[in-house]
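Report on the structure
Each chain, written out:
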Amino acid sequence: MTTLLIKNIHTLVTMDAARRELRHAAIFIRDNVIEQVGTLEAMPPMAADEVLDLGDRHIVLPGLVNTHHHFFQTLTRVIPAAQDCSLFNWLETLYPLWSKLNAESIHVSAQMAAAELMLSGCTTASDHLYLFPNDCTLDAEIAAIAEMGLRFHASRGSMSVGVSKGGLPPDALVEQESDILKDSQRLIEQYHDNARHGMLRITLAPCSPFSVSPDLLRESAAMARAYPGVRLHTHLAENKADVAYSLNKFGLIPGDFAESVGWLGEDVWHAHCVQLSDDSIGKFARTGTGVAHCPCSNMRLASGIAPIRKMLDRGVPVGLGVDGSASNDGSNLLQEARMAFLLARVRDCDATAMTAREILEVATLGGARVLGRDDIGAIAPGMSADFIAVDIDRHSFAGAHHDLVAALVFCSIDSVDYSFVNGKKVVDRGQLTAVDLTALVQKHNRIARQLVNSQS
Ligand code: ZN
């Protein structure tokens, strides 16, 4: 057993049941679990194996949770032909490039995305890998993220309906549904850890209604529900063309289509939901179906602004996602929170439509709920030791010490100084502890160049 004391915290945002914000605070951790939280004066004197003295100049908060991403897309950011596309032609432009992916590029791109997420405050991420050309496997991604020390929800994505059957992806990128289900079961049985504080869970995630069959959605749901804690994830109602496809192909709006295949429930979360109808929002609320809100991607692809104020008011679980790196084109979760906060105000032309503290709650507790976890998202006894610290003396906080918690969102804070995941330090004075970032960037850029140049 090892113990860790974080002391002299200037401001501690707990996100506990009372949403306490403490001055001059401390956190005591045993192994990977938070044991005590309080003001330093109120806590009994205690010895710890390791002490981190934050010198009364850091704000500490629970690690942020990213609920939607496609790590492999870091290799294809800002491709000129895809810069000014909306969703469907953006996908059609990039599918041929993605068909060149291999296990090495999956590994390196996953570490690159994780690096950007972790440096911007993310301690738990979900990723959605839905194409498996050449020797690509979800195993390659899982191994890469384990090296980084990030808490991980790996989604076994899939595509099974190609162009010849009325779907969007090229036929060469789709898999047989029997192979998808067989690999899904293998991954669950090999990796899924549903224990409290588990570092790796598996999600089943057929890619979207326009790239898989209703049967695969039904069968994936049945398989996931046979294993405790295996959740379901897909894209839904991303833009108006997505709604039109659903009406045209299935005769149902996306929310009703999801219901028809058993994809509403507390164990399901959908990415985007920009064009979700009021009636569907009501169904999401009644069933506890979650939403991954990805504001930068929705702006970048001109999809619209998801009605998250309305969703939150009606009790829909909402978390934040940076979405894939080819439609953001970043993985900065602190900046995503700021964008979600600003955009909620723009959508309703209402400066009270979202507060800074509300969006921080969406980014922490909201994401935890969407991923079905009650062990992350707050700094309280019994929770996983996942938290981040930001130096308040940095230039972007200057003049904003009147309300440091709100300043995390109002000001342009884009990185953290410390991050702990499961009690382990993964960012130390602004640097990742697991990898040499410069070497990783160089390797990543070499592979990205090869990927783009190899296209005929
Ligand atoms: Zn996506």
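Figured I'd write up the structure that's included with this text. (Residues numbered from 1 in each chain as written. Predicted model: local features only at pLDDT ≥ 70, side-chain atom pairs only at ≥ 80, totals over all residues. Heavy atoms only, no water.)

Structurally, R394 can be placed in the loop between β14 (387–391) and α13 (404–410). In terms of polar contacts, R394 uses its side chain to reach the backbone carbonyl oxygen of D391, at 3.5 Å. In contact with R394, not counting residues within four places along its chain, are I413, D414, S415, V416 and D417. (Helix = DSSP H or I, 4+ residues; strand = E, 2+ residues; numbered from the N terminus. Polar contact = N/O pair within 3.5 Å; in protein donor to acceptor, adjacent residues only side chain to side chain. Contact = heavy atoms within 4.5 Å.)

This paragraph deals with the coordination of the zinc ion. Within the protein, the zinc ion binds to H68 (NE2), H70 (NE2), H235 (NE2) and D323 (OD); these donor distances fall in the range 2.1 to 2.5 Å. The coordination sphere of the zinc ion comprises four donor atoms, whose angles at the metal cover 85 to 173 degrees; the geometry is irregular. Sequence spacing of the donor residues for the zinc ion, all on one chain, is H-x1-H-x164-H-x87-D. You'll find H68 and H70 in the same group, each marked buried. (Donors = N, O, S within 2.8 Å, 3.2 Å for Na, K, Ca; no water. Tetrahedral: all angles 85-135°; square planar, octahedral: opposite > 155°, others 65-115°. Buried < 20%, exposed > 50% of the residue type's maximum accessible area, 1.4 Å probe, protein only.)

Within the largest apolar cluster, 148 residues are counted, with the highest numbers of intra-cluster contacts made by I6, I27, W90 and W98. Looking at this core, the element that brings in the most residues is helix α2 (residues 103–119), giving eleven residues. Discounting residues that sit within four places of it in the chain, W98 has contacts with F72, Q73, T76, W90, L91, Y130, L131, P133 and A326. Core analysis: the next-biggest nonpolar cluster, separate from the first, contains eight residues, W269, A292, V370 and L371 among them. (Core = buried A, V, L, I, M, F, W, Y, C linked by side-chain atoms within 4.5 Å.)

For side chains of opposite charge, pairing can occur when their charged atoms come near one another. Using the criterion set out here, one finds 29 salt bridges in the structure. Here R373 and D375 are joined by a salt bridge, their closest N and O atoms 2.9 Å apart. The partner of D428 in a salt bridge is K425, with the nearest N and O atoms 3.8 Å apart. For D428, a relative accessible area of 18% translates into the label buried. Connected via shared salt-bridge partners are D139, R156, E175, D183 and R186. (Salt bridge = Lys/Arg side-chain N within 4 Å of Asp/Glu carboxyl O.)

Let's shift gears to the packing of α2 against helix α3 (residues 138–148). Their axes nearest at 8 Å, the elements α2 and α3 cross at an angle of 35 degrees. Crossing geometry of α2 relative to α3 is assigned as right-handed. For the pair formed by α2 and α3, the contact residues are A103, I106, H107, A110, Q111, A114, A115 and M118 on the first element and A140, E141, A143, A144, I145, E147 and M148 on the second. Partitioned by chemical class, the residues of the contact of α2 with α3 number eleven nonpolar, two polar and two charged. (Axes fitted to C-alpha atoms, helices over the stretch in contact; angles between N-to-C directions. Left-handed = near helix turned anticlockwise from the far one by under 90°. Nonpolar A, V, L, I, M, F, W, Y, C, P; charged D, E, K, R; others polar.)

Counting buried residues in strand β1 (residues 3–13) gives nine out of eleven residues, a clear majority hidden from the surface. Strand direction decides the pairing type here: β1 and strand β2 (residues 21–30), joined by eight bridges, are antiparallel. The residue bridging L12 from the neighbouring strand is L22, located in β2. Examined bridge by bridge, β1 and strand β4 (residues 50–53) share four bridges and lie parallel to one another. Residue pairing for β4: K7 is matched across the bridge by D53. Both β1 and strand β5 (residues 58–62) contribute to a ladder of two bridges, which runs parallel. Among the inter-strand pairings, L12 is bridged to a residue of β5, identified as V60. (Pairing = 2+ DSSP bridges.)

The two faces of strand β12 (residues 290–293) match: G290 and A292 on one face and V291 and H293 on the other face are all buried. Of the strand pairs in this sheet, strand β11 (residues 268–272) and β12 are connected by three bridges, and their pairing is parallel. Looking at β12, one finds that H270 is bridged to V291. Handedness of the β11-helix α8 (residues 278–287)-β12 crossover: right-handed. Two strands pair when backbone bridges link them, and β12 and strand β13 (residues 318–320) are joined in this way by three bridges, in the parallel orientation. Across the sheet, residue A292 finds its bridge partner in β13, namely G319. (Right-handed = clockwise from strand over helix to strand, strands pointing away.)

Relative to the helices and strands, K249 resides in helix α6 (residues 240–250). For K249, a relative accessible area of 41% translates into the label partly exposed. A C-alpha to C-alpha distance of 9.8 Å links K249 and G167, two positions 82 residues apart in sequence. Non-local contacts of K249, meaning those with residues more than four positions away in its chain, are made with K165 and G166. A polar atom in the side chain of K249 sits 3.3 Å from the backbone oxygen of K165.

Turning next to the packing of α2 against helix α14 (residues 437–453). When two helices pack together, their arrangement is given by the angle between their axes and by how far apart the axes lie. Closest axis-to-axis distance for the α2/α14 pair is 10 Å, and the angle between their directions is 135 degrees. Relative to α14, the element α2 is oriented oblique. Note on packing geometry: the crossing formed by α2 with α14 is left-handed. Counting all contacts with α2, which are made through E104, S105, V108, S109, Q111, M112, A115 and L119, the residues of α14 involved are L437, L440, V441, K443, H444 and I447. Taken together, the residues that form the contact of α2 with α14 break down as eight nonpolar, four polar and two charged. (Parallel < 35°, antiparallel > 145°, perpendicular 65-115°, else oblique.)

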